[in-house]
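# Architecture and fold: a report
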Amino acid sequence: MDELQRLQRRVHELELLLAQAGTNSDKPSQKPPSPEIKTVSTTEPSDLVNKLAESDARFQGLLQDLQVGVVIEQPGGRVLFCNPSAAELLGLSQQEILGLEAFDKSWNAIHEDGSNIPLDTFPGFQAAQTGVAVRNVVMGIYRPRTEDRVWLLVNSEPQLMPDGSVRQVITTFSDITSRKQTEDARTRLSFEQLARKEAEEARHKVTFLAQSSKLLAHSLDYELTLQSVAQAVVPDLADWCTVHILDDTGFPRQVALSHVDPAKVQWANDVIKTFEDRYPYDPNAPAGLANVIRTAQPELYTDIPDAMLVALVPDQELLQMMRMIGYSSAMVVPMVARGRVLGVLQFTATNESGRHYNQTDLELALELAQRAATAVDNARLYRDAQQAIQMRDEFLSIAAHELKTPVTSLRGYAQLISRQLARGEVPPLDRLNRAMDVVDQQSGKLAHLITQLLDISRLEMGQFSLVRELVDLKGLTEQVIENMKITTSKHTFTLNSPAVTLVWADPARLEQVLINLIGNAIKYSPNGGPVHIDITAPPGQLSLSLQVTDQGIGVPAEHRNHIFERFYKAHENDRTAGVGLGLYISRQIVELHGGTVEAEFPPEGGTRLIVNLPSPPEPQK
């Protein structure tokens, strides 16, 4: 019965091979018919053996004629059988393959990505080691003699012994080189098309940014420039574009709007205004314009479904307007320069174009926003530089005037006295007294101007220091008032103060503040009048408030926010009002003391300057 069992196994192998062959070829082929196996009575063993012998013969014939390569290996790798198709595909003769002890080591094999296939990952080796079938493996084999490459689709099926060990491995493989070449050609074509598309997009991006940069460099009027950029954005990058710039308070102000249909620009402005009127700007909003300004991070909305609009706009009338626009996608991009958000670009796509923004579009928008921010920043820096130059020129002009007047007076009296002395004359006493008064007054003005310039220099270099001690603010103010009375006969001074007004301060610097504030009241009351000085102690607070009020010409409304700035003059045509440093220095001194200074403008006219100083009972450590 050993022969009978052997032949039965061969019939089973035939059926397995025929099943593998049916799924292992990349071209249609006629599947050989399965051998007819009839049940034979066990009482006729000679007939059964004969029929099985016939089946075995047919089995061998089919293997030889099969168009699919077939190799049978022992678990150790020795080749037991190789059909002609396998020899042809592998580029060796059947005898050469049958003589191999380690079949898998004889060919250089690669994966589809070009990487080498190690021996321990060959399908036949894996099937022999694991006892599990390995199916549909694509391998590239370099034939030993010709070194040409053939692509194979490989299946390896282990045959197991009753105890579960692997008896042998049947490996079948078919030639899929033609199919693989077709697939590779299609892949190369797809890559080439993709590369051409990417190259075209890159060219368009470079061209677009170059044109935008040219527009941005065209003028230092950045609002006009941004309008040109917004118009250039449509229709290449948006159907609708708006530009907002932050004002001095951080509030976004729309400076440009463009629409793919010029006739709809006014309509678009009306929609925006309606939305802003009904939903005022909220700097803490979690998304949109406010969030981009607050975080300096862009927002990309690839799709804008109707549910998003419903959640955003509860107002039904406005919701209908938004639906009429037909939003499909949007980008909100910050304009950042030197770490500061200067404004925001908003790109909107509608259903008319069907555009849906992606990451590539966002990167292009960020590039444009970066260039726009740089243009805005440069324009502002240029404006500030021009203003600084103008301020400098005005300061030099005023300083020259301030210096010229006392110097002229000093030289005049010095020359007059010198001429009399040269003639051997003794000047009259009253003339000498008058000359000395002029010298004293004008040299005092020079000293004051020089002190102010030195203070500005110290402040700029951070070398302005305080020497504090306990100071009676009331007593110091009374002293300053007495000294100021000498400079004017048109003004009257009143001081209201509690009995105790102690502050921890630098007396010389605090005196400088008082002189500047009271002197400012005198300057801006050219016709004279009362100057009121009030010192108060707010209940429950360790602080003192000093107020200097005049009833003079006041400060024009457009200048009131600038009177504490360096070199600033509230009355530009008044060449007798100093160099515009007194209030600036006073504010710096007060703030160094931990206090504040501000200005009020009573409805009846004049100016009230208010200084708040901390008044600790003892030195602060």
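Residues numbered from 1 in each chain as written. Predicted model: local features only at pLDDT ≥ 70, side-chain atom pairs only at ≥ 80, totals over all residues. Heavy atoms only, no water.

## A look at the sheet that holds strand 5 (residues 149–160)
Strand order across the open sheet formed by six strands is 2-1-6-5-4-3, with antiparallel pairing between neighbours. Two strands lie at the open edges of the sheet, namely strand 2 (79–82) and strand 3 (108–110), each paired on one side alone. Sheet twist, expressed as the average angle between the axes of neighbouring strands with direction ignored, equals 30°. Looking at chain direction, strand 1 (residues 69–73) and strand 6 (residues 166–175) are connected through five bridges and run antiparallel. Among the inter-strand pairings, Val 71 is bridged to a residue of strand 6, identified as Thr 171. In the packing of helix 5 (residues 123–130) onto the sheet, the strands contacted are strand 1, strand 4 (134–142), strand 5 and strand 6, and the crossing angle to strand 6 comes to about 155°. (Pairing = 2+ DSSP bridges. Helix = DSSP H or I, 4+ residues; strand = E, 2+ residues; numbered from the N terminus. Axes fitted to C-alpha atoms, helices over the stretch in contact; angles between N-to-C directions. Contact = heavy atoms within 4.5 Å.)

## As for the packing of aromatic side chains
One pass over the structure, following the stated rule, counts four aromatic pairs. Judged by centre distance (6.1 Å) and plane angle (35°), the ring pair of Trp 240 and Trp 267 falls under tilted. With Trp 240 in strand 7 (residues 240–246) and Trp 267 in helix 8 (residues 265–278), the pair connects residues that are 27 residues apart, well separated along the chain. What makes Trp 267 partly exposed here is its relative accessible area of 32%. Taken together, a centroid distance of 5.3 Å and an interplanar angle of 35° make the contact between Phe 275 and Tyr 279 tilted. The exposure class assigned to Phe 275 is partly exposed, which follows from its relative accessible area of 23%. For Tyr 279, a relative accessible area of 26% translates into the label partly exposed. Linked through ring pairs, Trp 240, Trp 267 and Tyr 327 together constitute an aromatic cluster. A cation sits over an aromatic face here: Lys 180 above Trp 151, 4.5 Å from the ring centre. (Phe/Tyr/Trp six-rings, centres within 6.5 Å; stacked < 30°, edge-to-face > 60°. Buried < 20%, exposed > 50% of the residue type's maximum accessible area, 1.4 Å probe, protein only. Lys NZ or Arg CZ within 6 Å of the ring centre and 35° of its normal.)

## Things to note about helix 15 (residues 507–523)
Because each turn of an α-helix spans 3.6 residues, side chains separated by three or four positions end up pointing in the same direction. The end-to-end C-alpha distance of helix 15 is 24 Å, a good match for the 24 Å that 17 residues give at a rise of 1.5 Å each. Most of helix 15 is tucked away: 12 of the 17 residues are buried. Where helix 15 is concerned, the buried positions are Arg 509, Leu 510, Gln 512, Val 513, Leu 514, Asn 516, Leu 517, Ile 518, Gly 519, Asn 520, Ala 521 and Ile 522. Residue Asp 506 occupies the N-cap position of helix 15, its side-chain oxygen lying 3.1 Å from the main-chain nitrogen of Ala 508. (Expected span 1.5 Å × (residues − 1). Polar contact = N/O pair within 3.5 Å; in protein donor to acceptor, adjacent residues only side chain to side chain.)

## Thoughts on the nonpolar core
The biggest cluster of nonpolar side chains holds 36 residues, and the ones touching the most others in it are Val 503, Leu 510, Leu 517, Ile 518, Ile 533, Leu 546 and Val 548. At seven residues, helix 15 tops the list of elements feeding residues into this core. Apart from residues no more than four positions distant in its own chain, Leu 546 is found in contact with Leu 473, Thr 477, Leu 514, Leu 517, Ile 533, Asp 534, Ile 535, Leu 609, Ile 610 and Val 611. Formed by 31 residues, the second largest nonpolar core is a distinct cluster that contains Val 234, Val 333, Ala 349 and Leu 364. (Core = buried A, V, L, I, M, F, W, Y, C linked by side-chain atoms within 4.5 Å.)

## Description of the confidence of the model for the protein
For the protein, the mean per-residue pLDDT works out to 79, and 76% of the residues sit at or above 70. Per-residue pLDDT, averaged within each element of the protein, yields its smallest value for helix 1 (residues 2–23) (52) and its largest for strand 9 (residues 299–301) (95). Every residue in residues 1–5 is under pLDDT 50, and counting partners more than four places away or in other chains gives two contacts. Every residue in residues 27–43 is under pLDDT 50, and counting partners more than four places away or in other chains gives 14 contacts. (pLDDT = per-residue confidence, 0-100.)

## Here's the deal with the side chain of Thr 501
Examined against the element boundaries, Thr 501 turns out to sit in the loop between strand 13 (491–496) and strand 14 (502–505). Leaving out residues up to four positions away in the same chain, Thr 501 has contacts with Val 471, Asp 472, Leu 473, Lys 474, Ile 535 and Leu 544.

## What to know about the environment of Glu 73
Along the chain, the position of Glu 73 falls in strand 1. Separated by 96 residues in the primary sequence, Glu 73 and Val 169 have C-alpha atoms spaced 5.2 Å apart.

## Overview of the environment of Tyr 524
Following the sequence through the fold, Tyr 524 ends up in the loop between helix 15 and strand 15 (529–536). Through-space distance from the C-alpha of Tyr 524 to that of Ile 553 is 5.9 Å; in sequence the pair is 29 residues apart.

## Examining the pattern of salt bridges
All chains considered together, the criterion is met by 19 salt bridges. Here Lys 273 makes a salt bridge to Asp 277, at a shortest N to O gap of 3.1 Å. With Lys 273 and Asp 277 both in helix 8, this residue pair falls four residues apart, about one helical turn. Judged by its relative accessible area of 49%, Lys 273 is partly exposed. Notably, a salt bridge pairs Glu 591 with Arg 587, separated by 3.4 Å at the nearest N-O pair. Of this pair, Glu 591 and Arg 587 both sit in helix 16 (residues 582–592), four residues apart, which is roughly one turn of the helix. Each of Arg 278, Asp 315 and Glu 317 takes part in a single network of salt bridges with overlapping partners. (Salt bridge = Lys/Arg side-chain N within 4 Å of Asp/Glu carboxyl O.)

## Looking at a nonpolar patch on the surface
A cluster of nonpolar side chains, Leu 470, Val 500 and Leu 502, forms an exposed patch at the surface whose accessible area comes to about 270 Å². With respect to the helices, strands and loops of the structure, Leu 470 is situated in strand 12 (residues 469–472). (Patch = residues over 30% accessible without salt bridge, like charges linked within 9 Å, V, L, I, M, F, W, Y side chains within 5 Å. Areas by Shrake-Rupley, 256 points an atom, 1.4 Å probe, with all protein chains shown as cover.)

## Some details on the pairing of strand 11 (residues 340–350)
Within strand 11, nine of the 11 residues are buried, which leaves the element mostly enclosed by the surrounding structure. Judged from the six bridges that link them, strand 7 and strand 11 form a sheet pairing that is antiparallel. Residue pairing across strands places Trp 240 opposite Thr 348, the latter belonging to strand 11. Pairing geometry for strand 10 (residues 327–337) and strand 11, over 10 bridges, is antiparallel. By the bridge assignment, Ala 330 is partnered in strand 11 with Thr 348. Where strand 10 hands over to strand 11, the hairpin turn is made up of two residues, of which Arg 338 adopts a positive phi near 50°.

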